Each structure stands twice: as C-alpha cells, then as structure tokens.
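# Summary of structural features
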Amino acid sequence: MRSSLQFLNHLATSIGRSRITCPALLIFILLLGANSKALGQNKPDTQGWFEIQISHPLDKKKDWTATVIFTGRLGNGAETVTDARAGFNVTRRVNKIFSAGGGYLYRYSNTTFRRVGYEHRFLLFANANIPIGNKIFVTAREMAQYEDRLSRQNDLIFRTKAGLKRVFDVRKLKLEMYATAEQFYSVHREQPYRYQERLGIVHPFNKHAAIDIFYVRQDDLGTRPPPSVNGIGTTLRFTL
C-alpha cells in the first residue's frame, strides 16, 4: 500500500507541473495497462457487464456506508451467464481522500462456458481519491480477496488498481470521466495473472441515483478460454 501511494504522489506531482490535457492522460493510463501484458491468442469474447449498487449511510455524518451489490455478466454471444454475484460491503470514510472497508460476495461463474463454479469471497479494501487541480483526481484501490471455492482450490487474491478521473459540466449535465488499470495477483503464482482496463463516464441524475457506462478490457494469462474479454457495461448506483 505504501509503495502504491508513493507512486501516486509522484504521479500527481508530475501531472500538476505538466500541461498534458485530461483526455490524453486517460488514454495514457489505458494504453499503459494494455501494453504491459501478454495478450491471449484466441478471439476475445464480447460480453455485457451489469451491476446494481444500493447504498445507505449508517450514521448522520455519513462516515459509515453500507452497500448491497448485485452483478450479472453475459458472454458467449450473450447466450451464457458467465458471472452472477450478490453481496454487500461496509465502508468507513477516514477523510476526504482515504476510505477503507470490507465485505462479502457469493459468486456463480461459468467463464469457460463449460464448467460451473461457486465461491464465497471475503474482501478487505482501501481507497484513495487524490485531487490534483482543475477537477482532476488520481484514484487508487488496494484489495485483498479471499476466495473460498467449492470443488476447487481456495485462493488469496491481491488486486491493485490506479487511475485518473475528471469531473466536468456539459451544459446542465454533471459528468465524471475516468480510466483505470488493474492487476490481479494470486499467492499461488509469481506474476500477475490478470489485467483489466476500464474507460467510463458517470452521470448523476440527482443526489440519490447515478449511472456509470463503461468499456472494459480483461486479459488472463492462463490457458483456459476465453483468455480475453471485451465488455460494455453499466452500473446503476442508488443512495437511500
């Protein structure tokens, strides 16, 4: 976590001294992740990723927040449910920059289109949202994910994500554009086994509802198909 924050602080300082535009920075982050991995040889699977998040503050200051999450993903020509999840998390806001929390997810998976799997996931995470001026933010998340898998070997996954976002207004619309790059590590492997990049835009309808529309690219270094995924997704966020 300390090394990631040092990298982010250095990145924020460099960006603040430069004149690079936000769109160029977003493209840079996206290409940085895409160029750092070994791509799969098979044709990527095109998928639809959909999620609903319902949040509720647990105190008057809104320092504690509970969120219920429902996720569904369609692949294999929109013929197969490749992933379905339901769970919750609790987040503690430490200050305007940092937050941390934990949660639980129950997951159904059929990523190979041939073998169904089930698992319990237990999560711990820490987030950073660092303003660097002109409504631009450097973002980061560190996550530890223990996977209690049925009929398969259990695993402990560490996920490191970094990105940039820009808040801006288009006429009367308030929008947030972002790009992230994420690496997945397993205690059973010496190198990252998965890379994921996202480019998206968030539109809040009001204080209680927002939509996130994004493109996602995911590449696995394993041999099981599909090694790569191109996805278009939406996340609906509600605050009660």
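The paragraphs below set out a description of the structure included in this document.

Reading guide: rules and limits
- Residues numbered from 1 in each chain as written.
- Predicted model: local features only at pLDDT ≥ 70, side-chain atom pairs only at ≥ 80, totals over all residues.
- Heavy atoms only, no water.
- Patch = residues over 30% accessible without salt bridge, like charges linked within 9 Å, V, L, I, M, F, W, Y side chains within 5 Å.
- Areas by Shrake-Rupley, 256 points an atom, 1.4 Å probe, with all protein chains shown as cover.
- Salt bridge = Lys/Arg side-chain N within 4 Å of Asp/Glu carboxyl O.
- Buried < 20%, exposed > 50% of the residue type's maximum accessible area, 1.4 Å probe, protein only.
- Pairing = 2+ DSSP bridges.
- Helix = DSSP H or I, 4+ residues; strand = E, 2+ residues; numbered from the N terminus.
- Polar contact = N/O pair within 3.5 Å; in protein donor to acceptor, adjacent residues only side chain to side chain.
- Contact = heavy atoms within 4.5 Å.
- Phe/Tyr/Trp six-rings, centres within 6.5 Å; stacked < 30°, edge-to-face > 60°.
- Lys NZ or Arg CZ within 6 Å of the ring centre and 35° of its normal.

Attention shifts here to a nonpolar patch on the surface. On the surface, a cluster of nonpolar side chains totalling about 410 Å² of accessible area is made up of Ile52, Val68, Phe70, Phe88 and Phe238. A relative accessible area of 36% means that Val68 is categorised as partly exposed.

As a further point, take the pairing of strand β7 (residues 155–170). Sheet topology note: the strand β6 (residues 136–149)/β7 ladder contains twelve bridges and is antiparallel. Bridge assignment links Ile136 to a residue of β7, and that residue is Arg166. What sits between the antiparallel neighbours β6 and β7 is a turn of five residues, in which Ser151 has the positive phi angle 70°. Connecting the antiparallel pair β7 and strand β8 (residues 173–186) is a turn made up of two residues, with Arg171 showing a positive phi of about 55°.

Although it is not a glycine, Lys62 adopts a positive phi angle of roughly 60°. With respect to the helices and strands, Lys62 occurs in the loop between β1 (45–57) and β2 (64–75). Of note in the backbone geometry, Lys135 takes a positive phi value of approximately 60° without being a glycine. Looking at where Lys135 falls in the secondary structure, it is placed in the loop between β5 (117–133) and β6.

For the rest of this paragraph, the subject is the side chain of Ser228. Here Ser228 lies in strand β11 (residues 228–239). A relative accessible area of 1% means that Ser228 is categorised as buried. Of the polar contacts made by the side chain of Ser228, one reaches the side chain of Asp219; its length is 2.6 Å.

Moving on to the environment of Asp169. Examined against the element boundaries, Asp169 turns out to sit in strand β7. Setting aside its immediate chain neighbours within four residues, Asp169 contacts Lys135 and Lys174.

Quick look at the packing of aromatic side chains now. One pass over the full model with this rule turns up four aromatic pairs. Taken together, a centroid distance of 6.2 Å and an interplanar angle of 65° make the contact between Phe184 and Tyr193 edge-to-face. Pair check on accessibility: Phe184 and Tyr193 agree, each one buried. When the ring centre of Trp49 is taken as origin, the NZ or CZ atom of Arg73, which lies over that ring, is 3.6 Å away. Between Arg194 and the ring centre of Phe184, over which it is positioned, the NZ or CZ distance is 5.3 Å.

Burial of strand β9 (residues 194–204) is extensive: eight of the eleven residues sit out of reach of the surface. Bridge count for β9 against strand β10 (residues 209–220) is eleven bridges, and the pairing is antiparallel. Paired with Val202 across the strands is Asp212, a residue of β10. Here β9 folds back onto β10 in antiparallel fashion, the turn holding four residues.

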